[in-house]
Amino acid sequence: MKQPGTLEHARELDLSDPLARFRQQFVIRDPSLIYLDGNSLGRLPVKAAKAIERSVSEQWGEQLIRSWNQEWYTQSARLGRMIAGIIGAQPDEVIVSDSTSVNLYKLAFGALQAMEGRTEIISDDMNFPSDLYILQGLIRQLGDRNELRLLESPDGVSAEMSSLARMISSRTALVTLSHVTYKSAYLYNMKQVTDLAHKHGALILWDLSHSAGVVPVQLAQCGADLAVGCTYKYLNGGPGSPAFLYVRKALQERLENPIQGWFGEQNPFEFRMQFRKSEGIRKFLTGTPPVISSAGLEPALSMIQEAGIGPIREKSMALTGYVCTLAQQWLSGEGMQTGSPAPPEQRGSHITLKHPEAYRISKALTDPSVGDFVVIPDFREPDNLRFGFSPLYTSYEEAYHAMRKLKDILAGKLYLNYPMSRDPVT
């Protein structure tokens, strides 16, 4: 074994990596570009590019509208069944539809209607802001009869289960949280929180956007009621790929879809004037699905199925642990602090490093004139640098070079060469 903290050690880890073979199945044209933003947008799988091209050139270009009967009409359910296997659900409990925000709106609305008489929604101050925006708007639309209460994190990194337990009561209609929080990567214990909600008769809705495809999720085993998630992060579906939603089988007839559209009708092509809701999970569809932006998702999901969530999770924890060790050795004296939980079992697949100059540091990392590599992380206000590690294509050598460049930037204060003004997308 080579000495830890050396390039030779990183290369040795890559040689023993059972998932290393998947890296060649992604489009990687520039070996000097180290992409550590898979927690926001996954790399392009080679087969996904081919599938999208086929959808455009053959299905749209040649078959035209005939493609609806050949593949398109059943696409949402087919992809839902594949995702169900990845998130521990039954095949008829998941369907691909719309965006994460729209799906959250649908399921939160249905939950609040089903739990009429209860007045509280419980979330936390680490939740993705869009989720909170949806809840705030929904409360207004329902006449302000519900109150959104947020569990406060004691450190901005993790949550206290005892505090959450005290918040949930007989007044609680819905508990909704991100399974992995977007800033710190804190990983909630799904079974523990679900049991807390059910103890008081409340429903639970999980956002799986930062966990699906990289963290073992067992929705059915945990008794979870509802879930949503996107497909363009660790599921590698691509920008614009649609989201998914999960509704526990026993709840599907009880919950209503507030956005009734023709794809949620019993038989859309009868064109009845009066809506008749579909049975089962299909009732939560609304409009025409985005078939082209869904086309690349099937081969991407197939890779995750082939690799297995167990090995993916093992490498994820190893990669993030490796980076935490390097950060502690190389960066702690440069004002950089870790903003993710220390125990690997309590975090997802990204690591957050905090520094007052995090934004300008991110600009230096992406600058090709600095060092031998371009490193792409992302920045989150006010002082968070996030490094996302997608185990199917991220190597230990890439992690080594990224942390080495970060060390050089901090030691030389190279970030001072960049303006304070923010780009529109950070």
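Located above this text is the structure these notes cover.
No experiment lies behind these values; they were computed from the predicted model shown.

Draft legend 1. Molecular detail of the overall build of the protein. Secondary structure assignment for the protein yields 14 helices and 13 strands. Against the globule reference of 22 Å for 426 residues, the protein gives a C-alpha radius of gyration of 22 Å, in line with a compact fold. Counting only C-alpha atoms, the protein reaches 70 × 60 × 40 Å along its principal axes. Taken over 426 residues, the protein has a buried fraction of 56%. Taking the intrachain contacts of the protein between residues at least 6 apart in sequence as the baseline, contacts between residues at least 24 apart amount to 73%. Surface exposure of the protein reaches about 18,000 Å², of which carbon and sulfur atoms provide 52%. Here the protein contributes 44 positively and 46 negatively charged side chains, and the mean placements of these two sets differ by 2 Å.

Draft legend 2. The arrangement of the side chain of Asp131 in detail. Inspection of the secondary structure puts Asp131 in helix 6 (residues 129-141). Despite its burial, Asp131 remains without a salt bridge, the nearest opposite charge being carried by Lys233 at 9.5 Å. In this structure Asp131 touches Leu104, Ser178 and Asp207, once residues within four positions along its chain are discounted.

Draft legend 3. Quick peek at the pattern of salt bridges. Within the structure shown, the criterion is met by 23 salt bridges. Salt-bridge contacts for Arg171 lead to Glu120; the nearest nitrogen and oxygen are separated by 3.2 Å. Residue Arg171 is found in the loop between helix 7 (161-167) and strand 5 (172-178), and its partner Glu120 is found in strand 3 (residues 120-124); the two are separated by 51 residues along the sequence. Here Glu381 ties to Arg422 by a salt bridge, and the two come within 3.1 Å at their closest N and O atoms. Of the two residues, Glu381 is situated in the loop between strand 12 (378-380) and strand 13 (384-388) and Arg422 in the segment after helix 14 (396-411); the sequence distance between them amounts to 41 residues. Connected via shared salt-bridge partners are Glu265, Glu270, Arg272 and Arg276.

Draft legend 4. Looking closely at the sheet that holds strand 5. A sheet is described by the order of its strands in space; here seven strands give the open sequence 2-8-7-6-5-3-4, paired in mixed fashion. Since the sheet does not close on itself, it has two edges, and those belong to strand 2 (94-96) and strand 4 (147-151), each with one partner. Adjacent strand axes in the sheet meet at a mean angle of 20° when their direction is disregarded. As paired elements, strand 2 and strand 8 (residues 244-247) share three bridges and run antiparallel to each other. Within strand 8, the residue paired with Val96 across the bridge is Phe244. Against the sheet, helix 4 (residues 75-86) makes contact with strand 2 and strand 8, and its axis sits at roughly 130° relative to strand 2, the strand it touches most. In the packing of helix 6 onto the sheet, the strands contacted are strand 3, strand 4, strand 5 and strand 6 (203-207), and the crossing angle to strand 4 comes to about 155°.

Draft legend 5. Structural view of the packing of helix 4 against helix 11 (residues 297-307). For the pair helix 4 and helix 11, the least separation of the axes is 10 Å and the interaxial angle reads 25°. Here helix 4 is positioned roughly parallel relative to helix 11, judged by the angle of their axes. Like other packed secondary-structure pairs, helix 4 and helix 11 cross with a definite hand, here left-handed. Here Arg78, Leu79, Met82, Ile83 and Ile86 of helix 4 lie close against helix 11, whose contacting residues are Leu297, Glu298, Leu301, Ser302, Ile304 and Gln305. Among the residues forming the contact of helix 4 with helix 11, the class breakdown is seven nonpolar, two polar and two charged.

Draft legend 6. Spatial organisation of the layout of surface pockets. In this structure, the largest pocket encloses a volume near 430 Å³. If you go around the largest pocket, you meet 28 residues; those closest to its centre are Phe128, His210, Cys230, Tyr232 and Lys233. When contributions to the lining of the largest pocket are tallied by element, the ones reaching two or more residues are helix 5 (100-114), helix 6 and strand 12. Its residues placed into classes, the lining of the largest pocket shows nine nonpolar, 11 polar and eight charged. Put simply, the parts of the chain that give the lining of the second largest pocket at least two residues each are helix 13 (358-365) and strand 12. Broken down by element, the lining of the second largest pocket gets its largest block of residues, three residues, from helix 13. Here the residues of the lining of the second largest pocket sort into five nonpolar, three polar and three charged.

Calculation criteria
Residues numbered from 1 in each chain as written. Predicted model: local features only at pLDDT ≥ 70, side-chain atom pairs only at ≥ 80, totals over all residues. Heavy atoms only, no water. Helix = DSSP H or I, 4+ residues; strand = E, 2+ residues; numbered from the N terminus. Rg over C-alpha atoms; globule rule 2.2 N^0.38 Å. Buried < 20%, exposed > 50% of the residue type's maximum accessible area, 1.4 Å probe, protein only. Contact = heavy atoms within 4.5 Å. Areas by Shrake-Rupley, 256 points an atom, 1.4 Å probe, with all protein chains shown as cover. Lys, Arg positive; Asp, Glu negative; His and termini not counted. Charge placed at Lys NZ, Arg CZ, Asp CG, Glu CD. Salt bridge = Lys/Arg side-chain N within 4 Å of Asp/Glu carboxyl O. Pairing = 2+ DSSP bridges. Axes fitted to C-alpha atoms, helices over the stretch in contact; angles between N-to-C directions. Parallel < 35°, antiparallel > 145°, perpendicular 65-115°, else oblique. Left-handed = near helix turned anticlockwise from the far one by under 90°. Nonpolar A, V, L, I, M, F, W, Y, C, P; charged D, E, K, R; others polar. 1 Å grid on protein atoms, 1.4 Å probe; cavity = no way out; pocket = protein on both sides within 12 Å on 5 of 7 lines; lining within 4 Å. Points joined across faces, edges and corners; volume = space filled by probe spheres on them.

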